[in-house]
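Remarks on the overall topology
For reference, the chains in residue letters:
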Amino acid sequence: MKINEQYHNLNLLENVTYEFLGRDGETHEETEPILVEHMMDVYVNERLTMKLVCIPQHLTELVLGRLFTEGIISSAEDVEQIYICEFGKRARVILSKNKSGQSHEENEDYVAPTPTCCTGNRVLNDYFITDQPMTPVTPVPWKKQWIFDLADCFANGTPLHSQTWATHSCFLACDGELLFQCEDIGRHNALDKAIGYALRHNIDLKKCVVYSSGRIPTDMAIKAIRAGIPVLASKASPSAEAVAMAKEYHLTLICAARRDRMKLFTGNNLIIISVLQKKATVAGMLKNWFFVFLGNFIGAGFVAVMVVYSHVPDLYNGLLAQNVVAAAMSRINQSFSEAFMRGVLCN
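For the structure given in this document, a descriptive report is provided here. (Residues numbered from 1 in each chain as written. Predicted model: local features only at pLDDT ≥ 70, side-chain atom pairs only at ≥ 80, totals over all residues. Heavy atoms only, no water.)

Moving on: the sheet that holds strand S13 (residues 252-255). Pairing between sheet strands relies on hydrogen bonds along the backbone, with the strands arranged either parallel or antiparallel. In space, the 6 strands of this open sheet follow the order S10-S9-S11-S12-S13-S14, with mixed pairing throughout. Looking at which strands have only one partner, the edges of the open sheet turn out to be strand S10 (177-184) and strand S14 (263-266). In this sheet, neighbouring strand axes are inclined to one another by 20 degrees on average, regardless of whether the strands run parallel or antiparallel. On top of the sheet, helix H7 (residues 240-248) reaches S13 and S14; it is set at about 60 degrees to S14, its chief contact. (Pairing = 2+ DSSP bridges. Helix = DSSP H or I, 4+ residues; strand = E, 2+ residues; numbered from the N terminus. Axes fitted to C-alpha atoms, helices over the stretch in contact; angles between N-to-C directions. Contact = heavy atoms within 4.5 Å.)

Set out below in C-alpha cells:
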C-alpha cells in the first residue's frame, strides 16, 4: 500500500473571543481556543464515496479505518494507494485490482444509516460495499489492570480535550502496551483512526484492546466486531442493544471504565468458545480461570479480614455473629450435589 500525504500541520484550533456572563451579573470578554471542524471528501477509484467531518489529524488512519468498518475493504491489502491533498480536503483511494473487480451496480435506493454521533459523516453509495455478514470475534484472555491503565491515560488528559473539552479520544493497546492514541470531534472517527492505525502498521487487531471515551451503541459495537477487536472498553455506558450484540458476537464489552472501577457486561466465560473453535488452548483457558479464581479468593480473604478486625460481627449484641455462624454451619452440612446445584441457581 502506497501512502502519499501532502498535508502537514493543519490548524486544529481557532481562537475565539466571547462574552462571559455570570449568574451574579459579572460580564467580561474572554478568548479561548475552539476546535476546528474539517470536511474531507473521500473518492474510491475516482468515485465520490464518503464525506467526513473530523479534525485534520491522522487523516490516512481515519480513511483506512472507515473503509474497513464500513465493509468496503477487508484488509490493508485491498488498498493499492491512498493520497491526501495538501489541504486535507480530498482523499483518493485506489483499490487493488482484485478488490476493484468486486464492485457492483449502485443501488439507487441506498440510504446509509446516520451515525449516533451525528457529526455529518456520510457514506454516499454502496458501490464498493461487499455486504459480507459479520462474524463472531475470538475472545482472548485480558487483565483488569490493562483497562485501568487505559482509564489512567484518559484521565491524565489528551492535548485537544484539555484545551477545549470538545473531543472524543480512543486508545489502542496490546498485551498491556499502549500503541496509539488519538482524538476527534466524534467517537466514531476516533475509533476508526485507531483501527486504521493498526491496519497501516500491520498490527493484529484480534489481539488488541480498545478504550473509547464515548458511549457504546450498536454502531460502535459493529465497528469493533467487524475489525475483529476482542475487547472494547469505554468510559461511558452501552445501549441494551449493544450489550445483546456483544453477547451474540462474543465481544468482551467493558463500560463505565474509570480509574478505580469498571462494569463487565460480557467477559471471560466466552473463552470456552475459542477453545471449541480451536483458536485457544485448554491449558490457556484453565490458566486464565486459575488466575480469576486466585484473584477472587484473595479478594474474599481480604474482605473477611476487614469484617473481623472492624468488629462488624459484634453488632446487635453479637446477634449478627450468631446468624453468620448459623449460615456457615448450614453450608457445611450440605451435600456436594446440593451445594453445587445451589451454586448454579445462585449464578
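The structure having been displayed, the exposition proceeds.
Now for the pattern of salt bridges. A complete count under the given rule lists 9 salt bridges for this structure. A salt bridge links Arg259 to Asp152; its shortest N-O distance comes to 2.8 Å. Of this pair, Arg259 sits in the loop between S13 and S14 while Asp152 sits in helix H3 (residues 144-155), and the two are 107 residues apart along the sequence. Here the salt bridges share partners, and the residues they tie into one network are Glu5, Glu61 and Arg200. (Salt bridge = Lys/Arg side-chain N within 4 Å of Asp/Glu carboxyl O.)

To continue, consider the nonpolar core. If you look at the biggest cluster of nonpolar residues, it comprises 55 residues, and the most contacted ones within it are Val42, Val93 and Leu172. With 7 residues, helix H5 (residues 187-200) is the single largest residue contributor to this core. If we skip the residues at most four places from it in the chain, Leu172 touches Glu177, Leu178, Leu179, Phe180, Ala194, Tyr197, Ala198, Leu205, Cys208, Val209 and Val210. The next biggest cluster of nonpolar side chains, apart from the first, holds 14 residues, and it includes Trp142, Trp146, Tyr211 and Val231. (Core = buried A, V, L, I, M, F, W, Y, C linked by side-chain atoms within 4.5 Å. Buried < 20%, exposed > 50% of the residue type's maximum accessible area, 1.4 Å probe, protein only.)

Looking at where Thr266 falls in the secondary structure, it is placed in strand S14. A polar atom in the side chain of Thr266 sits 2.4 Å from the backbone oxygen of Leu251. For Thr266, the side chain forms a polar contact with the main-chain nitrogen of Leu253, separated by 2.9 Å. (Polar contact = N/O pair within 3.5 Å; in protein donor to acceptor, adjacent residues only side chain to side chain.)

For the α-helix, the turn length of 3.6 residues means that residues three or four positions removed from each other point alike. For H3, with 12 residues, the first-to-last C-alpha span of 17 Å sits near the 16 Å given by 1.5 Å per residue. Residues of H3 that are buried include every one of Trp146, Ile147, Phe148, Leu150, Ala151 and Phe154, and no others. (Expected span 1.5 Å × (residues − 1).)

Take the packing of helix H6 (residues 218-227) against H7 next. One way to put it is that H6 packs onto H7 with a least axis distance of 8 Å and a crossing angle of 20 degrees. With respect to each other, H6 and H7 are oriented roughly parallel. The handedness of the crossing between H6 and H7 is right-handed. Between H6 and H7, the contacting residues are Thr218, Ala221, Ile222 and Ile225 on the first element and Glu241, Ala242 and Met245 on the second. Classifying every residue of the contact of H6 with H7 by side-chain character gives 5 nonpolar, 1 polar and 1 charged. (Parallel < 35°, antiparallel > 145°, perpendicular 65-115°, else oblique. Left-handed = near helix turned anticlockwise from the far one by under 90°. Nonpolar A, V, L, I, M, F, W, Y, C, P; charged D, E, K, R; others polar.)

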